[in-house]
Amino acid sequence: MNSLVGKTLQSGKYTLDQLLGEGGFGITFRATHHYLQQTVVIKTLNALNQGNLEFTQVQQQFQDEGRRLALCNHPNIVRVSDFFIEDGMPYIVMDYIPGQTLEDVVFPDRPLPEATALHYIRQVAAALQVVHTNGLLHRDVKPQNIMLRQGTQDVVLIDFGISREFTMGATQAHTSITSAGYAPIEQYMSQAKRTPATDIYGLAATLYALLTAHAPIAAILRDRQPMPAPRDLVPQITPATNQAVVRGMAVDAHYRPQTIAEWVNLLSSVASSSLPPAIPVGNPTGNPTRNPAGDPISQMATQAYSPANLPASTIAPVAPKPARSRQGTWLFVIVAMLASATAAAFGAIWHNARSPQVPQPPAAIAPPQTITPTPSNPSPPPTPIAPSPTPPPPSPDPIPSVPSPQPTSTDTSGSNSAPVPGFSTGVAEQTIVAKLGEPSKSGTGYWTNTRSAQYDLVPDQVTVAYLYDKDTAKVRQTEASFAQSIDRAVMVETLNGMVDGSLTAPIEEGFNSVWKRNSNQYTFSTATLKGTIERNDRDRIYIAVWEADLH
């Protein structure tokens, strides 16, 4: 196909100057637009496939999708400037983008600072929202298909070679072309429901790669080869970003966020004031300048998908690392808005969750409590500690990705859907205090060498509590109690945080059973954690997760 180099098109308007990339279906050239004296990129189909029985269909798709792509006008999407057919072959003309792909920037061993990675990923997310609005899926989001424009900190999404139309929720036939590590499980199947969750997987996997300089394990292998979470590889990554990656890469599309906006809201808000300098013009780093390549993707065999052997998430459960201490204000707004309610008695999170009608946990699992329970030979409970009359002042460093509710004197209707943090075991106390402030109540924990802290985030509605190890000041048990009026999605998101972003399908099904009143209790365990989800006679849902060796 190099023989096309030097070929002129459209009566001398364009000349193909250099082969940039060649794939199974597409081939891409750097070219000159002689009328405007501009460098452009021209992509066409690989003529070697003209004898293929499916070539006519592929040609029609190439033409149709080229026209639709031209409608996706966004600064972070490569711009289509022309489209034509010559000698029976379709051609798409796109802007030439000087710079490097993010794959060249990061690999083999140059992971990006979290702030930088998030800066790039949010731009790609904005681009994908436009793509989805136009009824398309990109289906090949990966570092190799994201250009960092030379001399800037702007990125551009390229290579729509396997993009396809989609109808939300409908089962459709798509080619099973995949990029190992970045393609979701449904992309290995010729017939599956196509939704934005497909691109969310690729975007989350790309963030994984940018943060760790490791390509993710292929979705098709994750039932046999658990994938380490990003924080396992780079402990400095914040819990919020770690959780966003894990949720976005859930193997089963049902457990991923269903829109780009929903996934972006999970991301951390690490300050971006120290972004690295832009790549200067001339590219003095010596790394090769890259541009849109033609389908440089691996074509893996289509394999059957069985929910039984491919769970929603096969991230290996590990003890989380302490996150950077960051200040936040959004929960203080909720507390300040509703702080006039009377604080519950010390120990409310447990006693409000239990009732004689609720089955007791099995004997092997002692009651999961942060505050002193009522044992078989009860002793007088500790004296309640009154909450501070003045809540801590808001931090000067808010978290913009989680918009704070705007308090009013009478309207608290949004409290049932406001986000509630789900801190996992292993998180440092200082991280929680930085986010939530000083606890409403604190005291000695029931379990050996522990102490307790409780927060009444929304009085009579939401309470969270933690057992800290006295020596390490890290969480050994994490708890939450919700009124039934709290939105289910809030509870599930909190539960996911409590298990460090490793919420599996069985655990969520157990939660649903309690939430739907089909049962009063569900217990679970992993290699490192145990937990319980229960409902009491006050119609509150109580969740506790603790380290397996705690009790």
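On a predicted model such as this, the values are computed, not experimentally measured, just so you know. (Residues numbered from 1 in each chain as written. Predicted model: local features only at pLDDT ≥ 70, side-chain atom pairs only at ≥ 80, totals over all residues. Heavy atoms only, no water.)

### What to know about the environment of V499
What counts here: Here a strand is any run of E in DSSP of at least two residues, a helix any run of H or I of at least four, and the numbering for each starts at the N terminus. We call two residues in contact when some of their heavy atoms are within 4.5 Å.
Along the chain, V499 falls in the loop between α11 (488-498) and α12 (505-515). Along the sequence, V499 and A544 sit 45 residues apart, while their C-alpha atoms lie 9.9 Å from each other. Once residues within four sequence positions are removed from consideration, V499 is found in contact with F524, L529 and V545.

### A word on helix α4 (residues 197-212)
Side chains three or four residues apart in an α-helix point the same way, a direct result of the helix having 3.6 residues per turn. The condition is simple: A helix is expected to reach a length of 1.5 Å times the quantity of its residues less one.
Taking 1.5 Å as the rise per residue, α4 with 16 residues should run 22 Å; its terminal C-alpha atoms sit 22 Å apart, in good agreement. Looking one or two residues past α4, A213 carries a phi angle of roughly 60°, positive in sign.

### Comments concerning the environment of Q236
Formally: Burial classification: accessible surface area is computed with a 1.4 Å probe over protein chains only, and a residue below 20% of its type maximum counts as buried, one above 50% as exposed, and the rest as partly exposed.
Tracing the backbone shows Q236 in the loop between α5 (230-233) and α6 (239-248). The class for Q236 is partly exposed, based on a relative accessible area of 45%. For the pair Q236 and P113, spaced 123 residues apart in the sequence, the C-alpha separation amounts to 9.4 Å.

### Quick word on the side chain of K13
Filter applied, for reference: Counting of polar contacts relies on pairs of N or O atoms within 3.5 Å, with two restrictions inside protein: one atom must be capable of donating a hydrogen and the other of accepting it, and residues adjacent in sequence are counted only when both atoms are side-chain atoms.
As for its position among the elements, K13 is in the loop between β1 (8-9) and β2 (14-22). Within the structure, K13 has its side chain in polar contact with the side chain of D82 (distance 3.3 Å). When neighbours within four sequence positions are excluded, K13 is seen to be in contact with T32, H33, H34, Y35 and D82.

### Brief notes about the pattern of salt bridges
Formally: We define a salt bridge as a side-chain nitrogen of Lys or Arg found within 4 Å of a carboxyl oxygen belonging to Asp or Glu.
Under the definition given, this model contains 14 salt bridges. Linking K441 and D456 is a salt bridge whose minimum nitrogen-to-oxygen distance equals 2.4 Å. Taken together, the residues K441 in strand β14 (residues 441-444) and D456 in strand β15 (residues 450-458) connect sequence positions 15 residues apart. Judged on exposure class, the residue K441 and its partner D456 are both buried. R517 is the salt-bridge partner of D539, the closest N and O atoms lying 2.5 Å from each other. Taken together, the positions of D539 in the loop between β19 (529-535) and β20 (540-547) and R517 in the loop between α12 and β18 (521-525) put the pair 22 residues apart, joining distant regions of the chain. Through salt bridges with shared partners, a single ionic network connects R476, E547 and D549.

### Observations concerning unusual backbone geometry
Cis geometry is adopted by the peptide bond preceding P108, which originates at F107 and carries an omega value of 15°. Structurally, P108 is set in the loop between α2 (102-106) and α3 (114-133). Here Q10, not a glycine, exhibits a phi torsion of approximately 55°, which is positive. One can find Q10 in the loop between β1 and β2. Its identity as a non-glycine residue notwithstanding, D87 has a phi of 55°, on the positive side. Along the chain, D87 turns up in the loop between β5 (80-86) and β6 (89-95).

### Observations regarding the packing of aromatic side chains
Counted only if it meets this: Put simply, two rings from Phe, Tyr or Trp (the six-membered ring, in Trp's case) pair if the centres are within 6.5 Å, and we call them stacked under 30 degrees between planes, edge-to-face over 60, tilted for the rest. Whether a charge sits over a ring depends on NZ of Lys or CZ of Arg being within 6 Å of the ring centre and within 35 degrees of the ring normal.
Taken as a whole, this structure holds six aromatic pairs when the rule is applied. On the numbers, 6.2 Å between centres and 65° between planes, the contact of Y455 with Y466 is edge-to-face. You can see Y455 sitting in strand β15 and its partner Y466 sitting in strand β16 (residues 462-469), a full 11 residues away along the chain. The residues Y455 and Y466 share a single accessibility class, namely buried. Taken together, the aromatic side chains of F423, Y455, Y466 and Y468 make up a single cluster linked through ring pairs. In this structure, R488 is placed above the aromatic ring of W515, and the distance from its NZ or CZ to the ring centre is 5.7 Å.

### Focus: the pairing of β2
Note the threshold: A strand pair is defined by DSSP finding two or more bridges across the two strands.
Here β1 runs beside β2; their pairing, made up of two bridges, is antiparallel. Across the sheet, L9 pairs through a bridge with Y14, a residue of β2. The loop that links β1 with its antiparallel partner β2 comprises four residues; one of these, Q10, has a positive phi angle of about 55°. Bridge count for β2 against strand β3 (residues 26-33) is seven bridges, and the pairing is antiparallel. If you follow Y14 over to β3, its bridge partner there is H33.

### Some points on the confidence of the model for the chain
What counts here: pLDDT is defined as a per-residue confidence score from the predictor, taking values between 0 and 100.
Residues at a pLDDT of 70 or more form 67% of the chain, whose mean pLDDT is 73. Note on residues 162-178: pLDDT is under 50 here. Beyond four places in sequence and across chains, it has 74 contacts. Overall, residues 350-414 carries pLDDT values under 50, and its contacts beyond four positions in sequence, including any with other chains, amount to 118 contacts.

### A look at the nonpolar core
Just so we agree on the cut-off: Buried residues of nine kinds, namely Ala, Val, Leu, Ile, Met, Phe, Trp, Tyr and Cys, make up a nonpolar core once their side-chain atoms join them within 4.5 Å.
One finds I42, V124, L203, L207, M249, W263 and L267 to be the most contacted residues of the largest nonpolar core, which totals 80 residues. With 10 residues, α4 is the largest single contributor of residues to this core. The next biggest cluster of nonpolar side chains, apart from the first, holds 33 residues, and it includes V420, Y468, M491 and L495.

### Let's talk about the sheet that holds strand β7 (residues 99-101)
Note the cut-off: Only C-alpha atoms enter the line fits that serve as axes; for helices the fit covers just the stretch in contact. Angles between N-to-C directions range over 0 to 180 degrees.
Read across the open sheet, the three strands follow the order β7-β9-β10; overall the sheet is antiparallel. This sheet does not close on itself; its edge strands, each paired only once, are β7 and β10 (155-157). Adjacent strand axes in the sheet meet at a mean angle of 30° when their direction is disregarded. Sheet topology note: the strand β9 (residues 146-149)/β10 ladder contains three bridges and is antiparallel. Pairing of L148 across the sheet is with V155, part of β10.

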